[in-house]
Amino acid sequence: TMGAATDPYQFHTAHAEKHGLYRYDMRNSLVRYANQLPMLWQGEHALDAERMFQTHDLILMPGSRFEILLGYDRNKQTGPGFSSAGIPDRIGVLDRTNFLRYRTDLRRVNNNYRAGVNFRVVGLAVTAIQSFDNYKEDTVYTDGSVFPTQVGNVQPVESLTRSDPFHGNTPVTQVAVRTEKERRVGFHGRFVYSSGQRNAALDENLTALDPQSNRSTLRQTFIIGDASRKQGTGDFTVTFMPTKRLTLTNTSAVNSTRITGGAQFVEVSSFVNEQLRFEDLSVRHVTNATEASFRPIDKVSFYGAYRFSTRRTGTRSAFEFPGFGFEEPLVEIDNDIHSGGAGLRWMPAKGVRASFDFEVGRADRPLTPVSERKFHTESARVQWRGRGATLTANFQSKINNNPASLVSYSSERRGGGFHGSWADPDGRVTLDGGYQYLHLDTAAGIFNLLAPPEQEEPSFARTFYTSNLHTGSFGARVAAHERVVLYVGYSIAKDTGDGRGSLPTAEPFNPVYP
């Protein structure tokens, strides 16, 4: 078969089963991707890769009260290509207006092994899975300046070798528990913990000759790094149904992530010798949500919800240079969000369903200017079904305002549309179409600390973004024969922006802004 943009794509499945003894499922897909990226660097970036996905699942004693789960996944990507890197400083014959060109041989492999059990005991269903993830990247880089090129600022070199292996392992533990049957009081919980380790290294040796002075410039770059990422996630939900028309639900969740490690960067040449080290980042996120659903009559139901979340983000880093160094203290930021919402579900007539929802929230210390602070959302949806036809209309709106002392951010998003489908009673003819509209309007502040020398005060500015996206689609499917099916479709997407039309374009590809 063919994939997107005519990329060759193959997909295979296999299934084997013996009732009560085993069940085996295999999925294999192969994607060949080729792109010379002519819009970037005039083709100096390119890739001709092959990516293979494999998934194997084996269940022993399926359907019994005790099942054994085994599995294996493999994701492999290989292929030649070109890449480039800029030259940050002028060192000897190396010119910062040029760039280095690499010939690459992509080699990436990810293997995942897992084993677990499913069992039922004393009215509970329990699932426990232990998996092990191994990742390797050993891409080979060689000198690509000798190959034909369309640009004239490729840095000529005598020799260029680069190696940057990246390896790591991540064991993952998953446990899930739930009540088997629907009861007045039910619960389900889930816990996932992973502890990943990554090790990376980069070794680059570059030699360039100056033909005028007959002198060579040598640059050696070394990067060694390791990192540990420990992440735990858990959630627990309790459902209480005192009557058939009233349901109360409470969900608590926690997510904790901590990244620690160090990275050292050393560049040695005739003029430069630098070193850099990084410390750690931690994020703790706790949420709780309480919801109530009440159905006074069969055709009408209401729900209300209160949600609370608290997030603590901490970071610490250290830098070292020749002759001096410093370490930043631990910086932590807490942010609490309170929100409340309500909704209505209504069936006013036969085959008609309508829903209306809204939510209002407040945050005290958003982490970034674009985070939610003072926000509210509204949505509505109406659907009709009858005689093989379905018609749906929807509307949604979200407004967020995040004022700050240095920069202020606000956004407004509104959208709506409709969708319809019809099928004849025999299922031979099917029609499907719809239209969707999305409006996005944002305004943000810009605070420029690095002001020009002639400007004494830091500069403030505002940036605006407006998008009006229209999408439409139509499709028709006709089963002309039991072995012949015809399908024709058309889709279009157009963003009219703020109504000014397209901006003028300067050669070769950069748009000119007023």
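Small disclaimer: the values here were computed from a predicted structure and weren't measured.

Of the regular secondary structure elements, the chain holds 0 helices and 23 strands. Partitioning the intrachain contacts of the chain with sequence separation of at least 6 by distance along the chain shows that 58% fall at a separation of at least 24.

Before going further, it helps to spend a moment on the confidence of the model for the chain. Across the chain, the average pLDDT comes to 84, with 84% of residues at or above 70. Predicted confidence is poor over residues 505–514, with pLDDT under 50, and the contacts of this stretch with residues over four places away or in other chains come to 12 contacts.

So, on to the side chain of Ser-411. The residue Ser-411 is located in strand β20 (residues 409–423) in this model. The contacts of Ser-411, once residues within four sequence positions are left out, are Lys-398, Ile-399, Asn-400, Asp-441 and Thr-442.

This brings us to the nonpolar core. In terms of nonpolar packing, the biggest core is built from 9 residues, these being Ile-87, Leu-94, Leu-100, Tyr-102, Tyr-141, Val-157, Leu-160, Leu-206 and Ala-208. Looking at this core, the elements that each hand over two or more residues are β5 (99–121) and β10 (185–210). Beyond its immediate sequence surroundings of up to four residues, Ile-87 is in contact with Leu-94, Asp-95, Arg-96, Asn-98, Phe-99, Leu-100 and Gln-155.

This paragraph deals with the environment of Gly-79. Positionally, Gly-79 belongs in strand β4 (residues 66–86). Residue Gly-79 is classed as buried on the basis of its relative accessible area, which comes to 9%. With 26 residues separating them along the chain, Gly-79 and Asp-105 place their C-alpha atoms 5.8 Å apart.

What follows covers the pairing of strand β18 (residues 374–386). Bridging between strand β17 (residues 352–363) and β18 involves 11 bridges; their strand directions are antiparallel. Within the sheet, the bridge partner assigned to Ala-354 lies in β18 and is Val-382. Between β18 and the antiparallel strand that follows it, strand β19 (residues 389–402), lie 2 residues; Arg-387 among them carries a positive phi value of about 55°.

On to the environment of Arg-65, then. Structurally, the position occupied by Arg-65 is in the loop between β3 (46–60) and β4. For Arg-65, the contacting residues outside a window of four places in its chain are Asn-118, Phe-119, Arg-120, Val-121 and Glu-180.

Time to look at a nonpolar patch on the surface. On the surface, Val-185, Phe-236, Val-238, Phe-240 and Leu-248 cluster together into a nonpolar patch covering about 380 Å² of accessible area. Sorting elements by how many residues they give to the nonpolar patch places strand β11 (residues 215–243) first, with 3 residues. Judged by relative accessible area, Val-185 falls into the partly exposed class, the value being 45%.

So, on to the packing of aromatic side chains. Counted by the stated rule, this structure contains 7 aromatic pairs. Between Phe-82 and Phe-147 the ring centres are 5.6 Å apart and the planes differ by 75°, which places this aromatic pair in the edge-to-face class. In this pair, Phe-82 sits in strand β4 while Phe-147 sits in the loop between β7 (140–143) and β8 (159–163), placing the two residues 65 residues apart along the sequence. Positioned above the aromatic ring of Phe-82, the side-chain terminus of Arg-101 is 4.1 Å from the ring centre. Note that Arg-162 overlies the ring of Tyr-141, its terminal NZ or CZ placed 5.1 Å from the centroid.

What counts and how
The residue numbers shown here count from 1 along each chain, following its written sequence. Given that the model is predicted, a residue must reach a pLDDT of at least 70 before its local features are reported, and side-chain atom pairs must reach 80 or more before they are shown or counted; all residues, however, enter totals for whole chains, interfaces and linings. The side-chain values count all of the structure's non-hydrogen atoms but skip hydrogen atoms and water molecules. Secondary structure counts use DSSP, requiring at least four H or I residues in a row for a helix and at least two E residues in a row for a strand, with both numbered from the N terminus. Contact between two residues is taken to exist if any of their heavy atoms lie within 4.5 Å; hydrogens are not considered. The pLDDT value tells you how sure the predictor is about a given residue, anywhere from 0 up to 100. Working definition of a nonpolar core: buried Ala, Val, Leu, Ile, Met, Phe, Trp, Tyr and Cys residues. They are joined through side-chain atoms within 4.5 Å. In this scheme, a residue with accessible area under 20% of its type's maximum is buried, one over 50% is exposed, and one in between is partly exposed, where area comes from a 1.4 Å probe on protein chains only. If DSSP finds at least two bridges between two strands, the strands pair. Residues enter patches when they are more than 30% accessible in relative terms and free of salt bridges; like-charged ones are connected within 9 Å and nonpolar ones (Val, Leu, Ile, Met, Phe, Trp, Tyr) within 5 Å. For accessible areas, the Shrake-Rupley method is used with a probe of radius 1.4 Å. Any residue's cover is judged against the shown protein chains and nothing else. What counts as a salt bridge is simple: a side-chain nitrogen of Lys or Arg found within 4 Å of a carboxyl oxygen of Asp or Glu. Here a pair means two rings of Phe, Tyr or Trp (six-membered ring of Trp) with centres within 6.5 Å. Their orientation is stacked below 30 degrees between planes, edge-to-face above 60, and tilted elsewhere. In this scheme, Lys NZ or Arg CZ marks a charge over a ring once it lies within 6 Å of the ring centre and within 35 degrees of the ring normal.

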